[in-house]
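These are the residues of each chain, in order.
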Amino acid sequence: MNILTEASVEKKLSPMKNEPNIKMRGEKVTVHYGEKQALFGVDLAVPERQVTALIGPSGCGKSTFLRCLNRMNDTIDGCRVDGKITLDQEDVYDPKIDVVELRARVGMVFQKPNPFPKSIYENVAYGPRIHGLTKNKAELDGVVESALKKAALWNEVKDRLQESGTGLSGGQQQRLCIARAIAVSPEVILMDEPCSALDPIATAKVEELIDELRQNYTIIIVTHSMQQAARVSQRTAMFHIGYLVEEGPTDKMFTNPDDKRTQDYITGRFG
Amino acid sequence: MAISDSIPTADGTGTTGAQVAWKSEAMAARRKARYAADRRLQLYGMIAIAFALGFLAILIGTLVYTGSNAFRQSMVTVDIDFSSADINRENPMDSNWRNIFRQAVIDDVGELSRREERDYFSMFTSSAPFLIRDEIIANPSILDGRASFTVPMSDPIDQLAKGLVDTNLPENQRRVNDKQVELFNQLEAKGAVSQPFNWGLFFNSDSRFPELAGLAGAISGSFWTLLVCFLISFPAGIAAAIYLEEFAPKNRFTDLIEININNLAAVPSVVFGLLGLAVFLGWFGLPRSAPIVGGLVLSLMTLPTIIIVTRAALTSVPSSIREAALGIGASKHEAIFHHILPLAMPSIMTGTIIGLAQALGETAPLLLIGMNAFITSPPDGVFEASTALPTQIYIWADSPERGFVARTSAAILVLLGFLVVMNGIAIFLRQRFERRW
Amino acid sequence: MGEHTVTSFDDDLEHIQRLINDMGDLSGTMVSGAIRALLTSDSALAQRVVSDDAIMDARQRELDDRAITLIAKRQPMAQDLRAVVGGIRMAGDLERIGDLAKNIAKRVSAVGQSPAPRNLAHGIEGMSEMVLEQVNGVIKHYIGRDGDALRDLRAADEKIDVKYTSVFRELLTYMMEDPRNITSCTHLLFCAKNLERIGDHVTNIAENAYYVVTGEQLPSARPKFDETAQAALAE
């Protein structure tokens, strides 16, 4: 009548025994919006080809941290990022790094699906085109088809590629945005509450998609839903008012967390 | 628990625990007063609109009343028998067209003294012979046999025909003497007089004579001026707005620029005219009265409008589009030109058209750069002297002939017509392309 | 530990704890009643124990229903999830304890028909006191959230096993001495076995309780000192 097997007991005692590759790492990441400080020295390692979930109450800094990883915080005036963030051991804030290339390698999917008001084909083809990833139209067609297939959208739209992207349902739009991000061959995909605007069926499809994608991409997902974080991720990090409170394997975090703040948050004892 | 004390319950028990008397007289009276305030507000609104519409009706009504008969021009039909006319067949231009014309009209009118003859000939527009000549040169085959030509009557007779001359006044107090009235009645009885629509108002250029005057030059001049204005202010305005919105650093200098742009929009238009006079005509030595100068001056006036409109349009594009574009690795200029500008374009177009419509009606700056000269032909290009619709109205308003009074009002109606059309296009564009985010 | 933001969540959890509490009390009552009835041949008491089992079953079904509803509604996490799942398991064990007590009570009449010398049941009495102590202790320590006491309690089961082995041998001896004792001793053997099973269920409860309280498993190797399987061969 043991709840856990012997093997998982071992895993609990030594979390990262097989020590997977660390794809992105944040060291002492600190973020200020003008005078206000949003992140206080966050240290987080994101392993390769796994889903890492960032959870925490509103305003805790998880979205801020996420946006640091692909330097989207650069677009916000008055935002200052200190500390070191690396992609494959390269500092992403190094002046030698091309931010346009970084954002192709580290793709982003936003909370509210935001396809371009262009055709479905154009939505997916735009990225490869501006980065010059393909040599001719046939190649571009191939890239578009492959991205839509990987996003589990191809069968639904293959007959209407010229229709507007905004005419799709919410779930399909979000998968289109995922296809758009995939089309530029990223290594990391950042997802900022990708399912919060979707109904349960669309959410389930996106979660299934995340499960498939993690075989090839490193995924970092910010989510408000504890259940989603538990279902989808292998590692979870809990943020609270700008601090990283706890971080570890998802199974442990949701059955037996170490920190009381984590415990209170995931059981609904906050506030 | 404390919460349940303050939640009003369905049975009317309120925050203090006592019954809320919704149905009492006092409450009913209070509600009645609140609704009355609603109705009063509606009433004030309707009164304000009625006020505005009333004045608009008075304006349009006055214009229509005074200008309506400028849209009809009294014409007379003249038969000319070319077989008996003295025409130089080899070179028709060389013939004495005045005589030919006078011969033709004097034919069945009866005996006239010298003076009466002169008066009779002055009943027709002085250019009548030349109008006929131009028609024949364009179509020489008419010269065999007879032909009819319809030419305008001169302005005094036009007024007479429209019943605007008080024949009860003594002769020396009116422009048309009794003999002329009698001759006119004769012509009318013959059926030679007609009052077709005055196409000349639109296709003739300016003239000393009201019956020959038209707006062709002014319309063409306005067109060229607005074209120059558009070609300069549209790209400059959009580029400036994009720079201010996307690239300019947020510092004092940028704030200064923004304040100045907003102020420019409020500068009186006369000042721009003076600027044009001093700088474009004085320093640059551009030709006076030319649409290029008018266009330059108007573009300076329209520029702030376009900048402000474009900035508003750019900020109204939801930031999610910009984020999506940047997130995929687009550079700043790619995000703007591929995504944000196309989405903002309908609003920009609407604002631009409204700005141009305003420019169409600007008079003071054009007067100062000389577009109120007396120009009798439409300009061939932007460097030739020309008038514009507002300045043409100004010129005609100053002229003494009765005919110009009506024509001034007619020209104002034409200008208003263009403004309505342009605003209509702006509204159409807005309806058609507006997105609801 | 703070309260949930949604207070009805707390109410639901409390209700389940109360049910566990009740079932624990009831199981103690039933076990002590069954033994008392056995030792004093009190059929009325035995009958009460039998009817109590129906209440126990009802309680367990109620707890199951509530627990499943709570999981569906509240999606409990961490200690809440452990408490609910642990509660389901403990209720199962407590219900089995009730069944075993009922089984003992049913044998009262069979044992009482033949004259049973008091000393035949002497061993059982000692064993039953130990078992009762365990039953009452485990729920008390669970509610007290005392992980260490639960661990010790689980270890204490070895004493019951040892006692059972000796009672087994004792009853065998009685049966070999006097064949008239065979019927009653056989019934007593079953009663002893039931008591030993009750002890095992209590250790299950202790393990589950320990997991709920600490989030960790007790080491699976549990000392077992039941040598009855070897007992017969030695004769």
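1. So, the interface of chain C and chain A
(1) Moving on: Every contact between the two is made by 24 residues of chain C and, on the other side, 20 residues of chain A.
(2) Moving on: Of the roughly 1,800 Å² buried between chain C and chain A, counting both surfaces, carbon and sulfur atoms make up 47%.
(3) Moving on: Broken down residue by residue, the surface that chain C buries against chain A is led by Met77(C), Arg89(C) and Gln217(C), which jointly contribute 30%.
(4) Moving on: Along the contact surface separating chain C from chain A lie one salt bridge.
(5) Moving on: Across the pair Arg269(A) and Asp80(C) runs a salt bridge, and its minimum N-O distance is 3.2 Å.
(6) Moving on: The interface formed by chain C and chain A includes eight residue pairs in polar contact (both at pLDDT 80 or more).
(7) Moving on: Counting residues per element, the ones that place at least two in the side of chain C that touches chain A are helix H1 (7-40), helix H3 (78-113) and helix H6 (182-214) of chain C.
(8) Moving on: Among the elements that take part in the side of chain C that touches chain A, H3(C) stands out by supplying six residues, more than any other.
(9) Moving on: Tallied by class, residues from the side of chain C that touches chain A come to six nonpolar, 11 polar and seven charged.

2. Quick word on a positive patch on the surface
All names here are of chain B.
(1) Moving on: On the surface, Lys 23, Arg 30, Arg 31 and Arg 34 cluster together into a patch of positive charge.
(2) Moving on: Along the chain, Lys 23 falls in the loop between helix H1 (3-6) and helix H2 (25-67).
(3) Moving on: On the basis of relative accessibility, which here comes to 79%, the residue Lys 23 falls in the exposed class.

3. Digging into the environment of Met123(B)
All names here are of chain B.
(1) Moving on: By secondary structure assignment, the location of Met 123 is in the loop between helix H4 (114-121) and helix H5 (128-138).
(2) Moving on: Sequence separation between Met 123 and Val 176 is 53 residues, and the spatial gap between their C-alpha atoms is 9.0 Å.
(3) Moving on: Contacts of Met 123, omitting those with residues within four sequence positions, involve Met 153, Ser 154, Ile 157, Gln 180, Leu 183, Phe 184 and Leu 187.

4. Topic: the confidence of the model for chain B
(1) Moving on: In the predicted model, chain B carries a mean pLDDT of 86, and 95% of its residues have values of at least 70.
(2) Moving on: Mean pLDDT across the elements of chain B ranges from a minimum in H1(B), with 50, to a maximum in H2(B), with 95.

5. Notes on the sheet that holds strand S3 (residues 193-194) of chain B
Residues and elements named next belong to chain B.
(1) Moving on: Strand order across the open sheet formed by three strands is S2-S1-S3, with antiparallel pairing between neighbours. Looking at the sheet topology across the chains shown, the edges are occupied by strand S2 (146-152) and S3.
(2) Moving on: Packed on one face of the sheet, H5 meets strand S1 (75-81) and S2 and runs near 130 degrees to S2.

6. Describing the packing of helix H14 (residues 332-360) of chain B against helix H17 (residues 402-433) of chain B
Residue and element names in this part refer to chain B.
(1) Moving on: H17 packs onto H14 with a crossing angle of 175 degrees between their chain directions and a minimal axis gap of 9 Å. In terms of their interaxial angle, H14 and H17 are classed as roughly antiparallel. Contacts from Pro 346, Met 349, Thr 350, Ile 353, Ile 354, Leu 356, Ala 357 and Leu 360 in H14 reach Leu 415, Phe 418, Leu 419, Met 422, Asn 423, Ile 425, Ala 426, Leu 429, Arg 430 and Phe 433 in H17.
(2) Moving on: The residue makeup of the contact of H14 with H17, split by class, is 15 nonpolar, two polar and one charged.

7. As for the interface of chain B and chain A
(1) Moving on: The interface of chain B with chain A comprises 17 residues on the first partner and 20 residues on the second.
(2) Moving on: With both chains or domains summed, chain B and chain A bury close to 1,600 Å², and 62% of this area falls on carbon and sulfur atoms.
(3) Moving on: Taking the shortest distance from any N to any O, the salt bridge between Arg67(A) and Glu323(B) comes out at 3.0 Å.
(4) Moving on: Taken together, the elements giving at least two residues each to the side of chain B that touches chain A come down to helix H13 (319-327) and H14 of chain B.
(5) Moving on: Of all the elements, H13(B) adds the most residues to the side of chain B that touches chain A, at seven residues.

Conventions and cut-offs
- Residues numbered from 1 in each chain as written.
- Chains lettered and ligands numbered in written order.
- Predicted model: local features only at pLDDT ≥ 70, side-chain atom pairs only at ≥ 80, totals over all residues.
- Heavy atoms only, no water.
- Contact = heavy atoms within 4.5 Å.
- Buried area = accessible area lost by both parts, 1.4 Å probe.
- Salt bridge = Lys/Arg side-chain N within 4 Å of Asp/Glu carboxyl O.
- Polar contact = N/O pair within 3.5 Å; in protein donor to acceptor, adjacent residues only side chain to side chain.
- Helix = DSSP H or I, 4+ residues; strand = E, 2+ residues; numbered from the N terminus.
- Nonpolar A, V, L, I, M, F, W, Y, C, P; charged D, E, K, R; others polar.
- Patch = residues over 30% accessible without salt bridge, like charges linked within 9 Å, V, L, I, M, F, W, Y side chains within 5 Å.
- Areas by Shrake-Rupley, 256 points an atom, 1.4 Å probe, with all protein chains shown as cover.
- Lys, Arg positive; Asp, Glu negative; His and termini not counted.
- Charge placed at Lys NZ, Arg CZ, Asp CG, Glu CD.
- Buried < 20%, exposed > 50% of the residue type's maximum accessible area, 1.4 Å probe, protein only.
- pLDDT = per-residue confidence, 0-100.
- Pairing = 2+ DSSP bridges.
- Axes fitted to C-alpha atoms, helices over the stretch in contact; angles between N-to-C directions.
- Parallel < 35°, antiparallel > 145°, perpendicular 65-115°, else oblique.

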